[in-house]
Amino acid sequence: MRSFHPSDVVRAAEAPLLESLPEGTLMRRAAYGLARVVASELRERTGGIAGRRVSLLVGSGDNGGDALWAGTFLRRRGVSVTALLLDPDRAHPAGLRALRKAGGRIVPATPEHLGDPDLVLDGIVGISGRGPLRPAAAALVDEITAPIIAVDIPSGVDPDTGAVDGPAITAAVTVTFGAYKPVHALGATRCGRVELVDIGLTLPEAGLVAAEPSEIGAIWPVPGAEDDKYSQGVVGVRAGSARYPGAGVLCTGAAVAATSGMVRYAGSGASEVLARFPEVVVSPSVAETGRVQAWVVGPGAGTDDEACANLRDILATDLPVLVDADGLTLLAREPGLVRGRSAHTLLTPHAGEFARLTGNRPEPDRVAAVRSLAADWGVHVLLKGRATLVARPDGHVFVNDAGGSWASTAGAGDVLAGVIGSLLSSGMPVDLAAAAGARAHALAANLAAQDPKSPGAAPTSASAILSRLGDSIRLLRTHIAES
Ligand SMILES: NC(=O)C1=CN([C@@H]2O[C@H](COP(=O)(O)OP(=O)(O)OC[C@H]3O[C@@H](n4cnc5c(N)ncnc54)[C@H](O)[C@@H]3O)[C@@H](O)[C@H]2O)[C@@H](O)CC1
Ligand SMILES: [K+]
């Protein structure tokens, strides 16, 4: 698992080292690692290091100090370094002295001093930064055409929430120190590739984690020698309606593709489902559906009296239940249906549905928002987005950065619900089922946007995502062999 630690935890972990090590050691350790990444980027991008040009954007804190020290180390490798000071009176004194001694140029942060660098280091603010870039920094950043390497975090992006509320850095690479911070998962599009430099911190267990592909591949259920169609889990899908028959087809099809267990469908779209997936066992109603080990209820299922009665009946079982889409709209009116359940419930809202459930949109602190709903209602919550979050009632959160936004298309949520429902029926713990499903779904969407016969990517569709689920799961499972 990759762990993400908020800034107060990182600061607390730094404190004993700052006490015990000679002054400046920790910063030089960080800056040395940073300089190595910068050097290798220079080599990769320009074919060499000596004689290349690097500009440093230097703010008023230790983040600027890191940049100045990295500039000092780069000078020693023959790089031409210019430090642009945003707040000359408050720039890190020891870092300034060191860079000056090493032959770096030190100038005020104005556009005419930017020059034509090969790379720019963003040392404007680190984990103590709050809010967007201030106007002078924003104006300077606007002029930059060279790739930016962010020091610790991309400035202007909130380190703990990844929220952006105005001008901010978009980096090609982010070099972080001691620990990954939440921004590296929640604001991944601003960070580019993230490199971690170990500075020897001892950290507590994290409350925000991301599963590695190999870990998901390793837990994905596949049939064993003793398995039959029932032993692998049977999922019931109550999705689709006369108005939205496609939701039933997509959700059920995804459940079929995700595991080898059996899929039962209950609802008015049975003939459409059967026409596309003859392996599904259909019945016209929830009451007539045979035994299942988990339910998915809600995608395109409507909000009429019958849909409401079905939701009640399904939630009255002692089985894990995933509630999505129309099911969430109904729940918003009657949260009592899930609050008292003894079995697990997983709610899978997008931001708008989240607002319907809680009265507030989840931004800007999506992690806090999802934790609060999970704890309040005693449920698991999967909040959809570029970074999908899965919160347990105890506050533990999985994050999955989709690595692309191709899944932002109609019906993609129905596919996600089917995948996770299938994993739930296999007996997988709810948070892992949700995290694994989110990962496989995002990967399938990225695959669907690509074409092996031509480079690049193009918009895709829920049906195409469904058709690439098998490839996605195969890819996740091959990571087991690789790692
Ligand atoms: N403490 C240490 O020894 C180490 C700290 N490290 C670096 O230190 C950073 C944290 O440094 P600091 O706590 O000094 O603070 P920062 O450098 O993150 O921020 C400096 C100051 O910027 C101001 N500021 C806040 N928001 C701003 C904004 N939007 N625009 C402009 N200015 C703003 C504030 O006055 C803040 O105190 C880390 O991110 C990391 O880069 C690393 O060198 C590792 C070791
Ligand atoms: K920074």
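These figures come from a predicted structure and were not determined experimentally.

Peer 1: Sorry if this is basic, but what is going on with the coordination of the potassium ion (ligand 2) here?
Peer 2: Those donors, Asn63 (OD1), Asp122 (O), Val125 (O), Val151 (O), Ile153 (O) and Ser155 (OG), are the protein atoms that reach the potassium ion (ligand 2), and they lie 2.6 to 2.9 Å from it. Counting residues between consecutive donors of the potassium ion (ligand 2) along the chain gives the motif N-x58-D-x2-V-x25-V-x1-I-x1-S. Pair noted here: Val125 is in the loop between β5 (119-123) and α5 (135-143) and Ile153 is in the loop between β6 (148-151) and β7 (173-177), with a separation of 28 residues, a long-range link. A relative accessible area of 0% places Ile153 in the buried class.

Peer 1: Would you mind going over the packing of aromatic side chains with me for this structure?
Peer 2: Aromatic ring pairs are described here by two measures, namely the spacing of the ring centres and the angle between the planes. This structure, assessed with the given rule, holds three aromatic pairs. With a centroid separation of 5.4 Å and 90° between ring planes, the pair formed by Tyr32 and Phe73 is classed as edge-to-face. Taken together, the positions of Tyr32 in helix α2 (residues 25-46) and Phe73 in helix α3 (residues 62-75) put the pair 41 residues apart, joining distant regions of the chain. Phe73 gets classed as buried once you look at its relative accessible area, which sits at 13%. Here the aromatic rings of Trp69 and Phe73 are separated by 6.1 Å at their centres, their planes lie at 35°, and the arrangement is tilted. Placement of the pair is Trp69 and Phe73 together in helix α3, with a separation of four residues, close to one helical turn. An identical accessibility class is assigned to Trp69 and Phe73; each is buried. Among the aromatic residues, those joined into a cluster by ring pairs are Tyr32, Trp69 and Phe73. Here the guanidinium or amino end of Arg28 rests over the ring plane of Trp69, the centre of that ring lying 5.4 Å away.

Peer 1: Mind showing me how you'd approach the UniProt feature "binding site: K(+)" (unreviewed entry) in the chain here?
Peer 2: UniProt feature "binding site: K(+)" (unreviewed entry): in the numbering of this structure it lies at Asn63, Asp122 and Ser155. What stands out for the annotated residues spanning 93 residues is how close their C-alpha atoms remain, the widest pair being 9.7 Å apart. Checked against the lining of the largest pocket, the annotated residues reduce to Asn63 and Ser155. Here Asp122 is to be found in strand β5. By relative accessible area, Asp122 is classed as buried at 0%. Filtering out sequence-adjacent residues up to four positions away, Asp122 remains in contact with Leu57, Asn63, Ile148, Ile149, Ala150, Val151, Ile153, Pro154, Ser155 and Ile169. One polar contact links the side chain of Asp122 to the main-chain amide nitrogen of Ile124, over a distance of 3.1 Å. As for its position among the elements, Ser155 is in the loop between β6 and β7. Every residue in contact with Ser155, bar those within four places of it in the chain, is listed here: Asp122, Ile124, Val125, Leu133, Ala168 and Ile169.

Peer 1: It is not clear to me how empty space enclosed by the protein should be interpreted in this structure. Could you clarify?
Peer 2: The rolling of a water-molecule-sized probe over the atoms marks out the regions of remaining empty space. Inspection of the entire model under this criterion finds two cavities of 30 Å³ or more. One number sums up the size of the largest cavity: a volume of about 70 Å³. Going through the elements one at a time, β17 (387-391), β18 (397-401) and α17 (430-449) are the ones with two or more residues in the lining of the largest cavity. Taken together, the residues of the lining of the largest cavity sort by class into eight nonpolar, two polar and one charged. Those elements giving two or more residues to the lining of the second largest cavity turn out to be α11 (305-315) and α12 (326-333). Here the lining of the second largest cavity is built from residues that sort into five nonpolar, three polar and one charged.

Peer 1: Sorry if this is basic, but what is going on with α17 here?
Peer 2: Three or four residues apart is the spacing at which side chains of an α-helix point the same way, because the helix has 3.6 residues per turn. Across its 20 residues, α17 extends 28 Å between first and last C-alpha, which sits within 8% of the 28 Å expected from 1.5 Å per residue. Here α17 lies mainly inside the structure; 18 of its 20 residues are buried.

Peer 1: I tried to follow the sheet that holds β6 on my own but got confused; where do I start?
Peer 2: One key point about sheets: their strands pair by backbone hydrogen bonds, in either a parallel or an antiparallel sense. Spatial ordering of the open sheet is given by β4-β3-β2-β5-β6-β7-β8, a layout of seven strands whose pairing is parallel. Each having just a single partner strand, β4 (105-108) and β8 (193-197) make up the two edges of the open sheet. In this sheet, neighbouring strand axes are inclined to one another by 20° on average, regardless of whether the strands run parallel or antiparallel. As defined by bridge partners, β5 adjoins β6 across three bridges and the pair is classed as parallel. Counted as the bridge partner of Leu121 is Ile149 from β6. Together, β2 (53-58), β5, β6, β7 and β8 form the strand contacts of α2, whose direction differs from that of β8 by roughly 140°.

Peer 1: When you look at the pattern of salt bridges in this model, what are you seeing that I'm missing?
Peer 2: Two side chains carrying opposite charge are able to pair once their charged atoms lie near each other. Taken as a whole and assessed by the stated rule, the structure comprises 17 salt bridges. Here Glu334 ties to Arg312 by a salt bridge, and the two come within 2.6 Å at their closest N and O atoms. Taken as a pair, Glu334 in the loop between α12 and α13 (336-339) and Arg312 in helix α11 lie far apart in primary sequence, 22 residues in all. When its relative accessible area of 27% is taken as the criterion, Glu334 is described as partly exposed. Judged by its relative accessible area of 38%, Arg312 is partly exposed. By sharing partners, the salt bridges in this structure join Glu41, Arg45, Arg193 and Glu195 into a single network.

Peer 1: Can you walk me through the site of ligand 1 in this structure?
Peer 2: Around ligand 1, 23 residues are found, and the nearest of them are Asp62, Asp66, Gly126, Ser128 and Asp152. Between ligand 1 and the protein, one listed contact pairs a nitrogen atom with a side-chain N or O atom of Glu14 at 3.1 Å. The side chain of Ser60 places a nitrogen or oxygen atom 3.5 Å from an oxygen atom of ligand 1. Given that more than half its atoms are within 2 Å of the pocket grid, ligand 1 belongs to the largest pocket. Elements with a minimum of two residues in the shell around ligand 1: α1 (7-20), α2 and α3. Partitioning the shell around ligand 1 into residue classes produces nine nonpolar, seven polar and seven charged.

What counts, and where the lines are drawn
- Residues numbered from 1 in each chain as written.
- Chains lettered and ligands numbered in written order.
- Predicted model: local features only at pLDDT ≥ 70, side-chain atom pairs only at ≥ 80, totals over all residues.
- Heavy atoms only, no water.
- Donors = N, O, S within 2.8 Å, 3.2 Å for Na, K, Ca; no water.
- Helix = DSSP H or I, 4+ residues; strand = E, 2+ residues; numbered from the N terminus.
- Buried < 20%, exposed > 50% of the residue type's maximum accessible area, 1.4 Å probe, protein only.
- Phe/Tyr/Trp six-rings, centres within 6.5 Å; stacked < 30°, edge-to-face > 60°.
- Lys NZ or Arg CZ within 6 Å of the ring centre and 35° of its normal.
- UniProt positions renumbered as here; feature names shortened; annotations may be inferred.
- 1 Å grid on protein atoms, 1.4 Å probe; cavity = no way out; pocket = protein on both sides within 12 Å on 5 of 7 lines; lining within 4 Å.
- Contact = heavy atoms within 4.5 Å.
- Polar contact = N/O pair within 3.5 Å; in protein donor to acceptor, adjacent residues only side chain to side chain.
- Points joined across faces, edges and corners; volume = space filled by probe spheres on them.
- Nonpolar A, V, L, I, M, F, W, Y, C, P; charged D, E, K, R; others polar.
- Expected span 1.5 Å × (residues − 1).
- Pairing = 2+ DSSP bridges.
- Axes fitted to C-alpha atoms, helices over the stretch in contact; angles between N-to-C directions.
- Salt bridge = Lys/Arg side-chain N within 4 Å of Asp/Glu carboxyl O.
- Near = heavy atom within 4 Å.
- Sits in = over half its atoms within 2 Å of the grid points.

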